[in-house]
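Close look at the chain arrangement
Okay, here's what each chain looks like letter by letter:
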Amino acid sequence: MVLVLLLKTLVGDVYHVQTSSMEPTIWGIEGSGEWVFVRFDNTPPERNEVVVVRRPEDDTPIVKRVLGKPRETLRISQGDVLIDRQHLRPSEPRPPEVVLFDDRWHRLEERFEIGEAQSRLWRRAGDAWMLDARTVPLHDNPALRHESTAPGHDNTLTLDDSAILRLNGPLDDGYLGPDHALVPGTTQANDARIECDVRFDDDQGEVRLGLKEQADTFEGVLSRENATTAKVVITRRAGSEPPVEVGTAHFPLVTGVWTHLSIENRDNALKLTYPGPGSPLVQIYKENTREPEEAASSGRGPSGRAYFGGAGGRIAFRSIRLVRDLMYTDRGHVGVDSEIQLGFDQFFLLGDNSAQSRDSREWGPVDQREIVGRAVRVVWPPSRWRRIDAPQH
């Protein structure tokens, strides 16, 4: 008992979380919630660390994530947190992404539309999806176009109609439960990443991974140049304008070998990751192209905001995942109606499940002395024993 008392006094303590404000990082609603071990630490926390605070007005300890640090200005704008009127730089530590789809747990056809046109070209083979797109023309962007020599090449087929699988339903602030089932969201999310392993079974062809945000379409294209090399390109299309190439690279790629490819758009920074020199390609842009007002007012947003596919050859896909960044709703008014200037020892805290979280948007920043420590690990129930991930670079 003495040892336990010393540990609880000097090292850390266990706190019971019974609200959904930090889901899916910490589960509070299902069953009786989760118990979290908190390491006592009175040093200033870093951005995106998960901390426990005791506010004078509330007897119950509160678990939240640090977003704003002393002497910074902060504002929540269109789901993003702006620090000193800027998006976070790509090099800054970030919270772990929130998984929306993973083909280890979900059937592809449940989240991506496979209609009659697609079913003629796509088939499942073990843990992979095989695309026979030898009859599908290659990319129609003049900056990327190269002639296909695929037998039976048929220009009457279009890439959009046959060889692309698009997300069926909105890309919103949902997340996966402990059983990997999707908990639907209520608000359209902005930033996301789609990734997969790809394998070319011909010495020609191309793969496309794409994301849409507002009126912009961001696309990563991996195209074969010959049997041993490939080219990757990032393009951005603003509304109905032609695509514009914003980054390119070449790297070795052998036919028949699996390679990992991903494209993400996070805080106005495009990132295309591939297994070659110069990876990742990163392109920062100032702002998104606004979508028409009638589309913007639709709430959760349209279907088809993430997609993948290919053309000009036989291509296999596996390990398909779709994740999103944390996003913040305009609940409350502090840092929402206008920017807030934090004091010399103040921190701005937000919940990961923004739509369900009471946090600094409502009761303002907290002083450093109110921070008890860092949330380190979920320790109960035993089936969910896990480390709470630190911010990622």
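The structure presented is a predicted model; accordingly, all values stated were derived computationally and were not measured. (Residues numbered from 1 in each chain as written. Predicted model: local features only at pLDDT ≥ 70, side-chain atom pairs only at ≥ 80, totals over all residues. Heavy atoms only, no water.)

Now for the sheet that holds strand E11 (residues 164-167). Across a sheet, paired strands are connected by hydrogen bonds in the backbone, their directions being either parallel or antiparallel. Strand order in this open sheet of seven strands is E8-E11-E22-E15-E16-E17-E18, and the pairing throughout is antiparallel. On the outer flanks of this sheet lie strand E8 (112-113) and strand E18 (244-252), each paired with one strand and no other. (Pairing = 2+ DSSP bridges. Helix = DSSP H or I, 4+ residues; strand = E, 2+ residues; numbered from the N terminus.)

With respect to topology, three strands assemble into an open sheet ordered E6-E5-E24, the strand pairing being antiparallel. Taken across any chain shown, the strands that pair with only one partner, and hence form the sheet edges, are strand E6 (80-83) and strand E24 (340-341).

Below, the discussion takes up the layout of surface pockets. The rolling of a water-molecule-sized probe over the atoms marks out the regions of remaining empty space. Its boundaries defined by the atoms lining it, the largest pocket holds a volume of some 630 Å³. Pro 24, Thr 25, Trp 27, Glu 97 and Arg 386 are, among the 23 residues lining the largest pocket, the residues nearest its centre. Counting only elements with at least two residues in the lining of the largest pocket, the list comes to strand E7 (98-102) and strand E28 (386-387). (1 Å grid on protein atoms, 1.4 Å probe; cavity = no way out; pocket = protein on both sides within 12 Å on 5 of 7 lines; lining within 4 Å. Points joined across faces, edges and corners; volume = space filled by probe spheres on them.)

Turning next to the packing of aromatic side chains. All told, the structure shown has eight aromatic pairs when counted by the stated rule. The interplanar angle of 35 degrees and the centroid separation of 5.1 Å between the aromatic rings of Phe 251 and Tyr 274 together place this pair among those described as tilted. Of the two residues, Phe 251 is situated in strand E18 and Tyr 274 in the loop between strand E20 (269-273) and strand E21 (281-284); the sequence distance between them amounts to 23 residues. For Phe 251, a relative accessible area of 3% corresponds to the buried category. Overall, the relative accessible area of 4% leaves Tyr 274 in the buried class. Plain terms: the ring middles of Phe 308 and Phe 317 are 5.3 Å apart, the flat faces sit at 55 degrees to each other, and that makes the pair tilted. Here the two residues Phe 308 and Phe 317 agree in accessibility, since each one is buried. Positioned above the aromatic ring of Phe 200, the side-chain terminus of Arg 224 is 5.3 Å from the ring centre. Over the face of the ring belonging to Trp 258 we find Arg 318, whose NZ or CZ atom lies 4.1 Å from the ring centre. (Phe/Tyr/Trp six-rings, centres within 6.5 Å; stacked < 30°, edge-to-face > 60°. Buried < 20%, exposed > 50% of the residue type's maximum accessible area, 1.4 Å probe, protein only. Lys NZ or Arg CZ within 6 Å of the ring centre and 35° of its normal.)

Below, the discussion takes up empty space enclosed by the protein. For the structure on display, the rule yields five cavities of 30 Å³ or more. Taken together, 13 residues make up the lining of the largest cavity; nearest its centre are Leu 88, Asp 267, Asp 325, Leu 326 and Tyr 328. Tallied by class, the residues present in the lining of the largest cavity amount to six nonpolar, two polar and five charged. (Nonpolar A, V, L, I, M, F, W, Y, C, P; charged D, E, K, R; others polar.)

The sheet contact formed by E7 and strand E23 (residues 314-324) spans four bridges and is antiparallel. In the strand pairing of E23, Val 98 is matched with Arg 324. Bridging between strand E10 (residues 128-132) and E23 involves four bridges; their strand directions are antiparallel. What sits directly across from Asp 132, in E23, is Arg 314. The pairing of strand E14 (residues 192-200) with E23 spans eight bridges and is antiparallel. Along E23, the bridge assignment pairs Arg 199 with Ala 316.

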